[in-house]
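Spelled out, the chains give:
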Amino acid sequence: MLSWLFYLRKIDIYEPEKWKHILLIFVLGVLFSDVTFLLSDLTSMFTGFNLNGRILNDLLYCIIGIGVIEELVKIIPVILILKYTKAINEPVDYLVYGSVSALGFAFAENLLYFNSYGPQIIMGRALTAVVFHMFLTSLAAYGLMLNKYKSSKGLLTDF
């Protein structure tokens, strides 16, 4: 986790992010990870949508019932930072803050997995889940960045 934090902070070569902002969004990613349980439970309660062993149902549940909810939860800290601070002030910041939020989320999620399955799951989670969480949230953050920096013709203007 620490190596990813140092790496993500160094990506912005022109104006490295302040540690207080990096740590704030990391903590928000950790804290908001619990919202996943609430949203998943509400979704199941109101729609009855759960894993049931049927291939198509389970595929859709994993995409919508898990994936969409997790991506929403991981991008909320980025939106909060955008709204309440001036930390995100250049295009690359969207990717950095999105990745750090996802890193916090993955950290909290990994603690749950380690507690349930033991240390033998560490390598698989570290090499796949953490990177995949950061990648997917960076895509969402990239969408926010495009929305901010595009012109009326849809071309990026602020690079």
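None of the values given here were measured: they were computed from a predicted structure.

**Q** Could you clarify how one ought to interpret helix α5 (residues 91-117) in this entry?
**A** Residues that lie three or four places apart on an α-helix share one face, since the helix turns once every 3.6 residues. Counted at 1.5 Å a residue, the expected span for α5 with its 27 residues is 39 Å, and the 39 Å between its end C-alpha atoms agrees. Directly beyond the C-terminal end of α5, a positive phi value near 85 degrees is found at G118.

**Q** What is the right way to read the pattern of salt bridges from this model?
**A** If charged atoms from side chains of opposite charge come close, those side chains can pair. Counted according to the given criterion, the structure contains two salt bridges. A salt bridge links E71 to K74, with the nearest nitrogen and oxygen atoms 2.7 Å apart. Residue E71 and its partner K74 are both found in helix α4 (residues 55-84); the two are separated by three residues, about one turn of the helix. The exposure class assigned to K74 is buried, which follows from its relative accessible area of 1%.

**Q** How should the packing of aromatic side chains be read in this particular structure?
**A** Two numbers describe a pair of aromatic rings. These are the distance of the centres and the angle of the planes. One pass over the structure, following the stated rule, counts seven aromatic pairs. Seen from their ring centres, F6 and W19 are 5.1 Å apart, and the 70 degrees between their planes marks the pair as edge-to-face. With a gap of 13 residues between them, F6 in helix α1 (residues 2-11) and W19 in helix α2 (residues 19-32) connect regions that are remote in the sequence. Taking 5.7 Å as the distance between ring centres and 50 degrees as the angle between the ring planes, the aromatic pair formed by F26 and F107 counts as tilted.

**Q** What is the right way to read the nonpolar core from this model?
**A** Across soluble globular proteins, nonpolar side chains have a tendency to be buried as a group. Residues I81, V100 and L103 are the most contacted members of the largest nonpolar core, which totals 23 residues. Listed by contribution, the elements that provide at least two residues to this core are α1, α2, α4, α5 and α6 (122-149). The biggest single contributor to this core is α5, with seven residues. In this structure, L103 is in contact with M1, W4, L5, L8, F26, V130 and M134, ignoring residues within four places of it in sequence.

**Q** Just to check I follow, could you spell out α1 for this structure?
**A** Along α1, the residues classified as buried are L5, L8 and R9. Within α1, the buried residues cover an arc of 100 degrees as seen down the axis, which keeps them to one side. Across from the buried face of α1, at angles greater than 90 degrees, the exposed residues are S3 and K10.

**Q** Can you walk me through the side chain of S99 in this structure?
**A** Its location among the elements puts S99 in helix α5. Accessibility expressed as a relative area gives 7% for S99, which makes it buried.

**Q** How should the environment of A108 be read in this particular structure?
**A** Along the chain, A108 falls in helix α5. The spatial distance from the C-alpha of A108 to the C-alpha of A141 is 20 Å, given a sequence separation of 33 residues. Beyond its immediate stretch of four places on either side in the chain, A108 contacts V30 and S33.

**Q** What is the right way to look at the packing of α1 against α5 in this model?
**A** Packed helices, taken two at a time, are described by the angle between their axes plus the distance between the axes. At a minimum axis separation of 9 Å, α1 and α5 run at an interaxial angle of 170 degrees. What the angle tells us is that α1 and α5 run roughly antiparallel. Contacts between α1 and α5 pair W4, L5, L8 and I11 from the former with V92, V96, S99, V100 and L103 from the latter. Residues of the contact of α1 with α5, tallied by class, amount to eight nonpolar, one polar and no charged.

**Q** Would you take a moment to explain the packing of α1 against α2 for this structure?
**A** Where α1 meets α2, the closest approach of the two axes is 11 Å, and the angle between their N-to-C directions is 125 degrees. In terms of orientation, α1 lies oblique with respect to α2. As α1 packs across α2, the resulting crossing turns out to be right-handed. Within the contact between the two elements, α1 uses L5, F6 and R9 and α2 uses W19, I22 and F26. Of the residues contributing to the contact of α1 with α2, the split by class is five nonpolar, no polar and one charged.

The rules we used
- Residues numbered from 1 in each chain as written.
- Predicted model: local features only at pLDDT ≥ 70, side-chain atom pairs only at ≥ 80, totals over all residues.
- Heavy atoms only, no water.
- Helix = DSSP H or I, 4+ residues; strand = E, 2+ residues; numbered from the N terminus.
- Expected span 1.5 Å × (residues − 1).
- Salt bridge = Lys/Arg side-chain N within 4 Å of Asp/Glu carboxyl O.
- Buried < 20%, exposed > 50% of the residue type's maximum accessible area, 1.4 Å probe, protein only.
- Phe/Tyr/Trp six-rings, centres within 6.5 Å; stacked < 30°, edge-to-face > 60°.
- Core = buried A, V, L, I, M, F, W, Y, C linked by side-chain atoms within 4.5 Å.
- Contact = heavy atoms within 4.5 Å.
- Arc of directions from axis to C-beta.
- Axes fitted to C-alpha atoms, helices over the stretch in contact; angles between N-to-C directions.
- Parallel < 35°, antiparallel > 145°, perpendicular 65-115°, else oblique.
- Nonpolar A, V, L, I, M, F, W, Y, C, P; charged D, E, K, R; others polar.
- Left-handed = near helix turned anticlockwise from the far one by under 90°.

Bear in mind that shape data such as this cannot, by itself, settle questions of function.
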